[in-house]
Amino acid sequence: KLFSWVCVAQKAAVEQFKESGVTAPITWLPHAVEPDCYNPLATNTYTDALSEQARSARTIKDYDVSFVGYLTFKSRLDFLDAVYKGVQAQGRTFWNASRFFEEAARIFTHSRIVLNHAVKGDVNMRVFEVLATRSLLLTPEVPGLSDLFTNGVHLVTYRDGDVNDALEKIAYYADDRHESEREMIAEVGYRKVLAKHTMRHRVDTMLGLAGIHIEAG
C-alpha cells in the first residue's frame, strides 16, 4: 500500500481504480480553476483607468462562438470543422486558437458562446476556466457533469459528438433576442464555480482527507 488515499479527476475513474486493484480510499476530486489566472483584467500592464474601461467593455462580444484549445485529436478536428462550417452557414463568427490564462480569458469574455469539446468524455478543465470568466459555456453531456452543474442554469449542454445539436444551441443562444437568458446563465455559472470549484476548494478537500483544517484568513 503506497497511499493513504487516492484522488481522481473523473467520476468514472473511481470504479476503474477499484477494479484495477487499488485498495486505498478513492475520492472524486474534479478539476477546478484558479480565478486570478482566468481573470481577463489580470495584467500588470493595465492602469486603473484601463481596467475600468475593460470592465465597462465586458459586454462587447467580438465573436459569436470561440474554442480555445489544441487541435491534436482527429475527433476534435472533425467535430470543430463541422461546427465551424455550420456556424459560417448561420452567418456567425467562429474564433479558434490556443491561448492560456489571461489571454484565453479575454477570448472567452468577448465571446457570446464558448464551445467545449471533451476528447475522452471527461469533465475537463475548460469547463471551470470558461465559467470563471462569466461566459456562456456550451459543453458536451459527459459523466459527472450533472453532479456539478445544471444544464440551462449554470451552462448549456449538447449531446456529446452531435454537431447538429451543438449548432442548434449555438443558433439559439447566439441570437441577440436571447441575450438576457444567455448572460443570466453565464452569471449563475460564474457564481457557482467561484463558490464551489476553485483550487482553494480542492486543496481544502485534500487537507480534510488528511485531517488538516485551516481557518480561512
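Residues numbered from 1 in each chain as written. Predicted model: local features only at pLDDT ≥ 70, side-chain atom pairs only at ≥ 80, totals over all residues. Heavy atoms only, no water.

**Some thoughts on helix α7 (residues 163-173)**
Then, in step 1: Along α7, the residues that are buried comprise V163, D165, A166, L167, I170 and Y173.
Then, in step 2: On the buried face of α7, the contacting elements are β3 (63-68), α3 (74-89), β5 (111-115), β6 (137-140), β7 (156-158) and α8 (179-196).
Then, in step 3: One side-chain oxygen of the residue at the start of α7 lies 3.1 Å from the amide nitrogen of N164, identifying that residue as D162. (Buried < 20%, exposed > 50% of the residue type's maximum accessible area, 1.4 Å probe, protein only. Helix = DSSP H or I, 4+ residues; strand = E, 2+ residues; numbered from the N terminus. Contact = heavy atoms within 4.5 Å. Polar contact = N/O pair within 3.5 Å; in protein donor to acceptor, adjacent residues only side chain to side chain.)

**Comments concerning the pattern of salt bridges**
Then, in step 1: Evaluation of the coordinates by the stated rule reveals 14 salt bridges.
Then, in step 2: We note a salt bridge from E187 to R134, for which the minimum N-O separation is 2.8 Å. Linking E187 in helix α8 with R134 in the loop between α5 (125-131) and β6, this pair joins segments that are 53 residues apart in sequence.
Then, in step 3: Between R177 and D175 there is a salt bridge, with its nearest N and O atoms 2.6 Å apart. (Salt bridge = Lys/Arg side-chain N within 4 Å of Asp/Glu carboxyl O.)

**Details of the packing of aromatic side chains**
Then, in step 1: Throughout the structure, instances matching the rule amount to 5 aromatic pairs.
Then, in step 2: Judged by centre distance (6.0 Å) and plane angle (45 degrees), the rings of Y63 and W95 are tilted. Taken as a pair, Y63 in strand β3 and W95 in strand β4 (residues 94-97) lie far apart in primary sequence, 32 residues in all.
Then, in step 3: Take W95: its relative accessible area is 17%, and that puts it in the buried class. (Phe/Tyr/Trp six-rings, centres within 6.5 Å; stacked < 30°, edge-to-face > 60°.)

**A closer look at helix α4 (residues 101-109)**
Counting along an α-helix, one turn takes 3.6 residues, and residues three or four places apart therefore face a common direction.
Then, in step 1: Among the residues making up α4, those that are buried are A104, A105, I107, F108 and T109.
Then, in step 2: Along its buried surface, α4 packs onto β3, β4, β5 and α5.

**Here's the deal with a nonpolar patch on the surface**
Then, in step 1: A contiguous nonpolar patch, built from Y70, F100 and F101 and spanning about 340 Å² of accessible area, is present on the exposed surface.
Then, in step 2: In this fold, Y70 is placed in the loop between β3 and α3. (Patch = residues over 30% accessible without salt bridge, like charges linked within 9 Å, V, L, I, M, F, W, Y side chains within 5 Å. Areas by Shrake-Rupley, 256 points an atom, 1.4 Å probe, with all protein chains shown as cover.)

**Some remarks on the sheet that holds β5**
Then, in step 1: In spatial order, the strands read β4-β3-β5-β6-β7; together these 5 strands make up an open sheet with parallel pairing. Only two strands of the sheet have a single neighbouring strand rather than two, namely β4 and β7. When the angles between neighbouring strand axes are averaged without regard to direction, this sheet yields 25 degrees.
Then, in step 2: Note that β6 and β7 share 3 bridges and pair parallel. Looking at β7, one finds that P140 is bridged to Y158.
Then, in step 3: α4 contacts β3, β4 and β5 of the sheet and is inclined by roughly 150 degrees relative to β3.
Then, in step 4: Strands β3, β5, β6 and β7 of the sheet are contacted by α7, whose axis makes an angle of about 150 degrees with β7. (Pairing = 2+ DSSP bridges. Axes fitted to C-alpha atoms, helices over the stretch in contact; angles between N-to-C directions.)

**As for the pairing of β5**
Side chains on a regular strand alternate between the two faces of the sheet.
Then, in step 1: With 5 of 5 residues buried, β5 is to be regarded as a mostly interior element.
Then, in step 2: Bridge count between β3 and β5: 3 bridges; the pairing is parallel. For V65, the partnering residue across the bridge sits in β5 and is I113.
Then, in step 3: Relative to β6, β5 runs parallel, the two sharing 2 bridges. Bridge pairing in β6 places L115 opposite L138.

**Focus on the nonpolar core**
Then, in step 1: Residues V127, F128 and F149 are the most contacted members of the largest nonpolar core, which totals 23 residues.
Then, in step 2: The set of elements that each furnish at least two residues to this core consists of α4, α5 and α6 (145-148).
Then, in step 3: Here F128 is in contact with P30, H31, A32, V33, V123, L148, F149, V193, H197 and R202, once residues within four sequence places are set aside.
Then, in step 4: Ranked by size, the runner-up nonpolar core spans 20 residues in total, among them L80, V156, Y158 and A174. (Core = buried A, V, L, I, M, F, W, Y, C linked by side-chain atoms within 4.5 Å.)

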